[in-house]
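# An overview of the molecular structure
Chain by chain, the residues run as shown.
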Amino acid sequence: TIKDKTLKNGIWTTGSYKMPVFGYQDINFLGIKGDEVSDTIHHGGKHKAVFANSYENYPIWEKYLGVKKLEFGALAENLTLSKIKEEDVCIGDVHKIGSVILEVSQPREPCWKISQKHNNKTFTKEIYNSGRTGWYYRVLEEGQIKKGDKVDMLKRVKNPISIFKANEVLKNIKSNQKLAKQLINLYVLGEPFKKSLAKAIRN
């Protein structure tokens, strides 16, 4: 669902207010059927078809935001996954969830709207600095998914780089130039993240 929020300088729109859903959900090559994306320039598309976040991060963010409980989807994710986190997930991993085959394409680069949503000016930066950003999937095989489905690993690339490490590389590009070039040359890395790395290297 997209909701409008009024700011001092006008209106902003967001698709970050996700609602828990039950039963089977159809997933095609552009994501979950019925899910809306307000900013199609920076979000969505084949490299960012499905956004997953780790439920293991929720206690960290509850403490940071000073709230007792965050609801599923609080970080604007399509999938909230338990018992798996950024250190466990690598670029190019192929997962089967339900009947859907998904490939990890890149880390999520957190957007300023998450700070707006949670009324915390530093939240977006804190997510970025922590490396606990969640990750995007591209869809290799369409199908259906439902609450409670397991995440089965089908494939991992040679010399894998975790989502957590990829975030570290982007944050500290000068200290990780060799790994940054390795990442850029990784054929399964999403094009948006490749562009971010290339820009960081130039700067």
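About the criteria used
Residues numbered from 1 in each chain as written. Predicted model: local features only at pLDDT ≥ 70, side-chain atom pairs only at ≥ 80, totals over all residues. Heavy atoms only, no water. Helix = DSSP H or I, 4+ residues; strand = E, 2+ residues; numbered from the N terminus. Buried < 20%, exposed > 50% of the residue type's maximum accessible area, 1.4 Å probe, protein only. Contact = heavy atoms within 4.5 Å. Areas by Shrake-Rupley, 256 points an atom, 1.4 Å probe, with all protein chains shown as cover. Pairing = 2+ DSSP bridges. Polar contact = N/O pair within 3.5 Å; in protein donor to acceptor, adjacent residues only side chain to side chain. Phe/Tyr/Trp six-rings, centres within 6.5 Å; stacked < 30°, edge-to-face > 60°. Salt bridge = Lys/Arg side-chain N within 4 Å of Asp/Glu carboxyl O. Axes fitted to C-alpha atoms, helices over the stretch in contact; angles between N-to-C directions. Nonpolar A, V, L, I, M, F, W, Y, C, P; charged D, E, K, R; others polar. Expected span 1.5 Å × (residues − 1). Arc of directions from axis to C-beta.

### Points about the overall build of the protein
What the protein contains, in helices and strands, is 6 helices and 11 strands. Each of the 203 residues in the protein was classed as buried or not, and the buried ones make up 46%. Long-range contacts, defined here as pairs at least 24 residues apart, represent 72% of the contacts in the protein between residues at least 6 apart. Roughly 11,300 Å² of accessible area belongs to the protein as shown, and the carbon and sulfur atoms make up 51% of that amount.

### Quick word on the pairing of strand β7 (residues 94-97)
Strand direction decides the pairing type here: β7 and strand β8 (residues 100-107), joined by 4 bridges, are antiparallel. Counterpart to K96 in the pairing with β8 is I101. What sits between the antiparallel neighbours β7 and β8 is a turn of 2 residues, in which G98 has the positive phi angle 65°.

### Things to note about the side chain of H47
In this structure, H47 sits in the loop between β4 (31-32) and β5 (50-54). A distance of 3.0 Å separates the side chain of H47 from the side chain of R138, its partner in a polar contact. Once residues lying within four places of it in the same chain are set aside, the contact partners of H47 are S105, Y136, Y137, R138, G190, E191 and P192.

### Regarding the packing of aromatic side chains
Under the definition given, this model contains 6 aromatic pairs. Ring centres of Y55 and Y58 lie 5.1 Å apart, and the angle between their planes is 45°; on these two criteria the pair is classed as tilted. Given a relative accessible area of 29%, Y55 falls into the partly exposed group. Residue classification places Y58 among the buried positions, given a relative accessible area of 1%. Ring pairs connect the aromatic residues Y55, Y58 and F72, which therefore count as one cluster.

### Regarding the pattern of salt bridges
Scanning the model with the defined rule gives 8 salt bridges in all. Of the charged contacts in the structure, one is a salt bridge between D88 and K85, with a shortest N-O distance of 3.9 Å. In this structure, R138 engages E103 in a salt bridge whose closest nitrogen and oxygen atoms are separated by 2.8 Å. In this pair, R138 is assigned in strand β9 (residues 135-141) and E103 in strand β8, connecting sequence segments 35 residues apart.

### Remarks on the packing of helix α4 (residues 163-171) against helix α6 (residues 191-202)
How two helices sit against one another is set out by the angle between their axes and by the gap between those axes. For the pair α4 and α6, interaxial distance at closest approach is 9 Å and the crossing angle is 35°. Residues A166, V169 and L170 of α4 form the contact with α6, whose participating residues are F193, S196, L197 and A200. Residue composition of the contact of α4 with α6, by class: 6 nonpolar, 1 polar and no charged.

### Observations regarding α6
Between its terminal C-alpha atoms α6 stretches 17 Å, which fits the 16 Å expected from 12 residues at 1.5 Å a residue. Taken residue by residue, α6 has F193, K194, S196, L197 and A200 as its buried positions. One side of α6 holds all its buried residues, which, seen down the axis, span an arc of 160°. Structural note: α6 exposes K195, K199 and R202 on the side pointing more than 90 degrees away from its buried face. Turning to α6, the residues buried within the fold contact β8, α4 and α5 (177-184).

### What about the sheet that holds strand β3 (residues 25-28)?
Paired through backbone hydrogen bonds, the strands of a sheet run either parallel or antiparallel to each other. Spatially, the 3 strands line up as an open sheet ordered β4-β3-β10, and their pairing is antiparallel. Each edge of the sheet is formed by a strand with only one pairing partner; in this case those strands are β4 and β10 (143-145). Bridging between β3 and β10 involves 3 bridges; their strand directions are antiparallel. When the sheet's bridge partners are listed, I27 is paired in β10 with G143.

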